[in-house]
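Understanding the architecture of this molecule
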Amino acid sequence: MTGGMAPSIEIESIGGSLAGDVQARSGTSPMSCFQCAKCSSGCPVAARADIKPHELVRMVQMDQREAVLSSRFIWECTSCQTCATRCPQNVSVAGMNDALRAMSRAAAAPAPSTVPAFTEVFLDAVRNRGRVSELALMIRYKLRTGRFFEDADKAPVMLKKGKLPLFGTQVGGKSERKALFARAAKGGAK
Ligand code: SF4
Ligand code: SF4
């Protein structure tokens, strides 16, 4: 250090392996966050989440891998990008959550939310038929989660309004969809 110059802190070089892993996967730098909480004040799910966006970033900075990967919030984030547009430090909690969901699945962390189950049955329908049959989706989701009676009161109204057709439709392009899913599984690489 030369005389009179304040030492500079390279914030990218501090933090644990979780922050590094998230940055490598998402391209956003959790260590740049200075905890202003602007992300949380605009987040539409923060009020009901188990962790608020700025708290998640702090936990990543503190290397709390297990708690982060098994949190409900990473699954309930809607990817609306509000946090990313509000952040003065260019941190994207939305991007971090995309990375953390993939890391959570890879680590087989317990999922304290039914969102992963719903996502799986939804994507299975898209992969196999190219269309989603609401009735089949609902049955598979309920079998997967055991939540048989949740929202059961809505079924008669939906049936009456023709929102739950008994037979789903199917579209062509199965091989293209298969290739698309294979490419997505490789992180988008061709
Ligand atoms: S808005 Fe950005 S800097 Fe502020 S707490 Fe959220 S992530 Fe951190
Ligand atoms: S992208 Fe997720 S974390 Fe960010 S504001 Fe939207 S719901 Fe909240």
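Preceding block: the structure.
Reading guide: rules and limits
- Residues numbered from 1 in each chain as written.
- Chains lettered and ligands numbered in written order.
- Predicted model: local features only at pLDDT ≥ 70, side-chain atom pairs only at ≥ 80, totals over all residues.
- Helix = DSSP H or I, 4+ residues; strand = E, 2+ residues; numbered from the N terminus.
- Buried ≥ 20, exposed ≤ 12 C-beta atoms within 10 Å, placed from the backbone.
- Near = placed C-beta within 6 Å.
- Nonpolar A, V, L, I, M, F, W, Y, C, P; charged D, E, K, R; others polar.

What to know about unusual backbone geometry
Residue Gln-81 is not a glycine yet carries a positive backbone phi of 75°. Its place among the elements puts Gln-81 in the loop between α5 (73-76) and α6 (82-86). For Asp-151, which is not a glycine, the phi torsion comes out positive at approximately 65°. Examined against the element boundaries, Asp-151 turns out to sit in the loop between α9 (134-145) and α10 (155-160). Assessed through the 10 C-beta atoms surrounding it within 10 Å, Asp-151 is described here as exposed.

Some words on the site of ligand 2
The full set close to ligand 2 counts 15 residues, and Cys-43, Cys-77, Cys-80, Cys-83 and Ala-94 are the nearest of them. Elements with a contribution of two residues or more to the shell around ligand 2: α6 and α7 (93-106). Among the elements that make up the shell around ligand 2, the one with the highest residue count is α7 (three residues). Partitioned by chemical class, the residues of the shell around ligand 2 number nine nonpolar, six polar and no charged.

Read these as geometric descriptors, not functional statements.
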